[in-house]
Amino acid sequence: MVKVVLKSGKDQSARRLHPWVFSGAIKKFYGEPYEGCLIEVFDNKDEFLGIGHYQVGSIAVRILSFEKTEIDQDFWNRKISNAWNYRKNIGIIDNDKTNVFRLIHAEGDELPGLIVDFYNGTAVVQMHSVGMYKNRDQIINAIRDVAGDKIVAVYDKSSTTLPFKADLNATDGYIFGESNINEVSENGLKFKIDWKKGQKTGFFVDQRENRQLVREISAGKKVLNVFGYTGGFSVYAMAGGAELVHTVDSSARAVELADENIALNFSDTKRHKSFAVDAFDFIENMKDDYDVVILDPPAFAKHNNVLHNALQGYKKLNLKAMQKMKPGSILVTFSCSQVVSKEEFRKSVFAAATQCGKTVRIMKQLTQPSDHPVNIFHPESEYLKGLVLYLA
Ligand code: SAH
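Numbers given to residues run from 1 along each chain, matching the order in which its sequence is written. It should be noted that, the model being predicted, local features are given only for residues of pLDDT at least 70 and side-chain atom pairs only at 80 or more, the latter also being counted only at that level, while totals for whole chains, interfaces and linings use all residues. In computing side-chain values, all of the structure's heavy atoms are included and hydrogens and water are not.

## Overview of helix α9 (residues 307-323)
Defined as follows: Secondary structure is summarised from DSSP: a helix means a run of H or I of at least four residues, a strand means a run of E of at least two, and numbering begins at the N terminus for each. One fewer than the residue count of a helix, multiplied by 1.5 Å, yields its expected span. To sort residues, take the accessible area from a 1.4 Å probe on protein chains only and compare it with the maximum for the residue type: under 20% means buried, over 50% means exposed, and anything in between is partly exposed. Residue contacts follow a heavy-atom distance rule, with two residues in contact if any of their heavy atoms lie within 4.5 Å.
The end-to-end C-alpha separation of α9 is 24 Å, in line with the 24 Å expected for 17 residues at 1.5 Å each. By the burial criterion, the buried members of α9 are Leu-307, Ala-310, Leu-311, Gly-313, Tyr-314, Leu-317, Asn-318, Leu-319, Lys-320, Ala-321 and Met-322. Looking at the buried residues of α9, the elements they touch are α8 (279-285), β17 (292-295), β18 (330-335), α10 (342-356) and β20 (385-391).

See the structure below:
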């Protein structure tokens, strides 16, 4: 097996069980590493640190195990049944009201590079590393093994998440079974999921609890859901008794899906209206009559080198919204950029509050739900950050 030896002093991160080895920490290789191969990691005194997948790039190794072990079918069975049992224990599997959840959350489940979402019987898999892709068959065997007849189909949607330089020519499609049961239930509300053409795996599963919070604050309110995608927050606001709900998304297809999801749940759809327009333009031209505004933009930064621009982006967006909001209104604002920390996001929102001269109270701080667990040794897995702000 290919081996990599780290430079002196560069073993600390792996010793603290952080699963990423950066290329700058590498002293030398034994054997020829290639994209996606298994590789053993050693410190410069030849002490074993871990075994993982190699990748050409800044994150050179994603560690799968800090103990010496074979990465065989048994390994995948163990890891994936851990992920399954965890979700069973927290009550998200076999839940009366919810049959959509994240089954595998990459580093959060000690499986860096692997995301699996469960949609009422269909597992949608996204692999972000070539190593995971090469182990695809074993991973699928393990999912089927642990889930039994709870999983009727597995859809691989990795064509856009795999590093394109790897030239794998991956195509999306079913790799087990096939299912057209695309209606799911989340907290008792219904959603149509388009995992083939939708964004990410088809649905933003990570906002489940935050949507529930919006439901609780929406009674009698006028709610604006910006970057609404399939209308998740809008459906919950309607369920919470909002007087009016507006959904804004620049994608015409997203807005169509939002309308469908509203119609799926409510007969009085007149309370809802959607707008397929740019969020910044909409906010620029809106009046100040919303009581609750939700801002859930796509990740403004995917890499550290654009962090500054991303922080400016969050400031600008939140400032624009705050300027248009009336006293006593509530802003629910998010960042899902992994490279933006909770503190940095909060500072951007503070900068916006200062500039617009409004008093802002933090009512609540939000994050991702427990089916998106955070690996304590990998703080980056805490990627979703939200603030509920009361404007005076
Ligand atoms: N809140 C959603 C997820 C939002 S994902 C949920 O709970 O499911 C981000 C969305 O922002 C995408 O649907 C994308 O189409 C939309 N988007 C991206 N840029 C935009 C822009 N400039 N104006 C409006 N919508 C935009």
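After that view of the structure, there is still more to cover.
## Quick look at the sheet that holds strand β4 (residues 38-42)
What counts, and what does not: Here the rule is simple: two strands pair whenever DSSP picks up at least two bridges between them. Interaxial angle, 0 to 180 degrees, is taken between N-to-C directions of lines fitted to C-alpha atoms, where a helix line uses only the stretch in contact.
Strand order in the open sheet formed by six strands is β2-β6-β5-β4-β1-β3, with mixed pairing between adjacent strands. Only two strands of the sheet have a single neighbouring strand rather than two, namely β2 (20-22) and β3 (26-30). With direction set aside, neighbouring strand axes in the sheet form an average angle of 35°. Sheet topology places β4 next to strand β5 (residues 48-54); five bridges connect them, and they run antiparallel. Among the inter-strand pairings, Leu-38 is bridged to a residue of β5, identified as His-53.

## Some thoughts on the site of the ligand
Where we set the bar: Any residue with a heavy atom lying within 4 Å of a molecule or strand is counted as near it. N or O atoms within 3.5 Å of each other form a polar contact, as long as, within protein, one can give a hydrogen and the other can take it, and as long as residues adjacent in sequence are counted only when both atoms are side-chain atoms. Exposure was quantified through the Shrake-Rupley algorithm and a 1.4 Å probe, taking into account, for residues, occlusion by the shown protein chains and nothing else.
Arg-211, Asp-249, Asp-278, Ala-279 and Asp-296 are the nearest of the 15 residues found near the ligand. Asp-249 is positioned with one of its side-chain polar atoms (N or O) 2.6 Å from an oxygen atom of the ligand. A distance of 3.0 Å separates a nitrogen atom of the ligand from a polar atom in the backbone of Ser-250. In isolation the ligand exposes 580 Å². Once the protein is present, 89% of that is buried.

## Looking at the domain arrangement of the protein
What counts here: An automatic or database domain assignment provides the domain bounds reported here. Buried area: the accessible surface (1.4 Å probe) lost by two parts on joining, summed over both.
Segmentation of the protein into domains returns domain 1 (2-65), domain 2 (73-184) and domain 3 (204-391). The C-alpha-based centres of domain 1 and domain 3 are spaced at 39 Å. Taken together, the contact between domain 1 and domain 3 spans five residues of the former and six residues of the latter. Note on domain 1 versus domain 3: buried area summed over both sides is about 430 Å², and carbon and sulfur give 61% of it. The largest contributions to the domain 1 side of the interface with domain 3 come from Leu-17, His-18 and Trp-20, which together make up 75% of the buried area. Run the count over domain 1 and domain 3 and you get one residue pair in polar contact (both at pLDDT 80 or more).

## Structural notes on the sheet that holds strand β10 (residues 153-156)
With mixed pairing, the five strands of this open sheet are ordered in space as β7-β8-β9-β10-β11. With partners counted over all chains shown, the strands left at the sheet margins are β7 (100-105) and β11 (173-176), one partner each. The average angle at which neighbouring strand axes cross in this sheet is 25°, direction not considered.

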